[in-house]
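Tertiary structure, described
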Amino acid sequence: MKNQAVKQIYKIEDFSFCYPECETPAIAELSMDIKEGAFHVLCGPSGCGKSTLLRHLKPTLKPHGTTKGTIRYAGAPIGELEHRRESSEIGYVLQNPDNQIVTDKVWHELAFGLESLGYDTETIRLRVAEMASYFGIQSWFRKDVADLSGGQKQLLNLASIMAMHPKVLILDEPTAQLDPIAASDFLETVRKINRDIGTTVIITEHRLQDIIPYADTVFVMEGGKLVSQGEPSKVGTQLKQQGSANFLAMPIPMQIYSEVDNDLTCPLTVNQGRAWMDELLAGREVVQPDMQGEETDKKAEPVIEVKDVWFRYEKNSPDVVKDLNLTVNRGEFYAILGGNGTGKSTSLSLISHLRTPYRGKILIEGRDIRKYSDMELYRGLMGVLPQSPQAMFLKKTVKEDLYAMIGGRRENAIEYDLPMEKSKAIEGIASLTRLTELYDRHPYDLSGGEQQRLALAKVLLLRPKILLLDEPTKGLDAEYKKFLGEILVKLVSKGITILMVSHDMEFVAEYADRVGLFFEGNLVTERKTAQFFAGNNFYTTAANRMARHVFPEAVTGKDVIACLKKNS
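Quick caveat: nothing in here was measured; it's all calculated off a predicted structure.

Our focus in this paragraph is the nonpolar core. With 52 residues, the main nonpolar core has F333, L337, L402, L488, I498 and F533 as its most contacted residues. With 51 residues, the next largest nonpolar core counts L110, L117, W140 and L239 among its residues.

Below, the structure is given as structure tokens:
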């Protein structure tokens, strides 16, 4: 068992922070203690102040604004911390791995921080070799960083920081860009660092399934304030009793447990959930409910047709998309899963006509995509949400950015086929995506989830018939993710066609009609959603892994709860 440290490495007292020209504080009178050597998880909805707080824990990343209260590091005010000591003792991993890499080669990146701190050559060589061995980097030690996958880049960032032997490791949604398997491997490495080396870990992460069960302390923020803290099971119980939307972010086994009448010990992990189910159902004859539901006869009307498509980025480079064939029907919600670097996002860029294949055809509503003008394609027919929402931001405020999408503030909206005044259209979409209170904020000052909502609002303003979404749930909190799913289902019911690339299997399982798996530039399988997830070991949901030994067709948490209630 890990020794619980009693010493505090951070002490935060009545701390408040307000961004320039904002009346509402991003952090309000917050107090918390960070214990040395412990594993801390910071969670809460998008825009609750998590990332802002983390940036204040490393002074060089502190945002500009007004502060009150105190933050102490190792007993002294954090503002007095010497720059060299901060660089060596406080490691920080960003959300996007590409934003942190500064050199061209893997081994250069491992050595960069140590060189910057002035270590001698012998020490640098020793630590670089140690980190390469510990993190399993030997096989790609001399590679160009540009050739690495997203998971490898993030692991390299982590190894480069750990080479400096930090006392604290701060991670701000480090797996947001990673596929589920790479994310799980990365978070397991973070746990290993905490367990084996005793490094203090402070992490904010939307994949709470993989980290909350192993946390020493969970902090839950809402509206810039701390609303709950303690051991994972205690926090989960508190949030459930409070009726808090944050409970939706708790691990699936805990959510299932809370909906079933029982007095057994609450499970946190899939393994514990399986054992809990076995104990709950012991001695009963299990009834298998019908999970398929009624089949609806939908006439298949192809809207997106990809035929024998090949694509490479440069003439002599390897093919990224290889003989791809894909059909998406009108009013269908089709989701594509797959690992980083398998060609998912590239295929989406081909379908959106941002890139052109060198062989094969893409038909949109039966017409070759090359025969559409940009105005025909992007004004009312196709809406595209890119993986990086910042690419869509043009103005200095959220409100101006929304207006820019439909030609500015002039009220005449006929040329954009809007059935109402622009101001009413803006108000409606801002209300739908919960942006009204953010009107005066700069888009770049928004949290990752808020930026995602703004980008979606801009796309929806053009009332597209086809929606192409690249990782739309990235950075979203559990409550808004549920709300987004309901929006997308409503759009599908009105005949809108949705093609989505995602790493979020729980979201896909809940809302998609059909799922395809990408591997090496092609679709290796596609099935109806329930059939897809029920047949996989790794590309499946936590609920299915927990219940499949008893209810093999149960895919979502709702499915498992329904099965258990049927057998209660």
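Having seen the structure, we can now continue with the description.
The subject of this paragraph is helix α6 (residues 180–197). An α-helical turn contains 3.6 residues, so any two residues separated by three or four positions project in the same direction. If you check α6, its first and last C-alpha atoms are 25 Å apart, about what 18 residues at 1.5 Å a residue would give, namely 26 Å. Looking at α6, one finds that the buried residues are P180, A182, A183, F186, L187, T189, V190, R191, I193 and N194. Contacts from the buried residues of α6 go to β3 (39–43), α4 (121–134), α5 (150–162), β7 (168–172), β8 (200–204) and α16 (505–511). In the segment just after α6, G198 is the residue with positive phi, at about 85°.

Our next topic: the sheet that holds β3. Pairing is mixed across the open sheet formed by six strands, whose spatial order is β6-β7-β8-β3-β9-β10. Both edges of this open sheet fall to β6 (90–93) and β10 (225–230), since each of them pairs with a single strand only. Mean inter-strand twist for the sheet, computed between neighbouring axes without regard to direction, equals 15°. The sheet contact formed by β7 and β8 spans five bridges and is parallel. The residue bridging V168 from the neighbouring strand is T200, located in β8. α5 contacts β6 and β7 of the sheet and is inclined by roughly 175° relative to β6. The strands touched by helix α7 (residues 232–242) are β9 (217–222) and β10; relative to β10, the strand with the most contacts, the crossing angle is about 130°.

Confidence in the prediction of the protein chain, expressed as mean pLDDT, is 88, and 95% of residues score 70 or more. Confidence drops under a pLDDT of 50 for residues 1–5, and excluding neighbours within four residues, the segment shows eight contacts in the predicted structure. In this model, residues 411–419 is a region of pLDDT below 50 whose contacts with residues beyond four sequence positions or in other chains number 17 contacts.

On to the pattern of salt bridges. Counting across every chain of the model gives 22 salt bridges. Across the pair D98 and K153 runs a salt bridge whose closest N-O atoms are separated by 2.8 Å. Here D98 is found in the loop between β6 and α3 (106–116), whereas its partner K153 is found in helix α5, with 55 residues between them in sequence. By relative accessible area, which is 14% here, K153 ends up buried. For K105, the salt bridge goes to D144, with nearest N and O atoms at 2.6 Å. Here the residue K105 occupies a position in the loop between β6 and α3, and D144 occupies one in the loop between α4 and α5, the gap between them amounting to 39 residues. Exposure remark for K105: the relative accessible area of 26% places this residue in the partly exposed category. On the basis of relative accessibility, which here comes to 32%, the residue D144 falls in the partly exposed class. Sharing partners across several salt bridges, the network here consists of E188, R191, R195 and D196.

What helix α19 (residues 557–566) keeps buried is the set G557, V560, I561, C563 and L564. Around the axis of α19, the buried residues are gathered within 160° of arc, so they sit on the same side. Structural note: α19 exposes K558 and K566 on the side pointing more than 90 degrees away from its buried face. Each element contacted by the buried residues of α19 is listed here: α8 (252–258), α9 (270–281) and α18 (542–547).

Procedures and definitions
Residues numbered from 1 in each chain as written. Predicted model: local features only at pLDDT ≥ 70, side-chain atom pairs only at ≥ 80, totals over all residues. Heavy atoms only, no water. Core = buried A, V, L, I, M, F, W, Y, C linked by side-chain atoms within 4.5 Å. Buried < 20%, exposed > 50% of the residue type's maximum accessible area, 1.4 Å probe, protein only. Helix = DSSP H or I, 4+ residues; strand = E, 2+ residues; numbered from the N terminus. Expected span 1.5 Å × (residues − 1). Contact = heavy atoms within 4.5 Å. Pairing = 2+ DSSP bridges. Axes fitted to C-alpha atoms, helices over the stretch in contact; angles between N-to-C directions. pLDDT = per-residue confidence, 0-100. Salt bridge = Lys/Arg side-chain N within 4 Å of Asp/Glu carboxyl O. Arc of directions from axis to C-beta.

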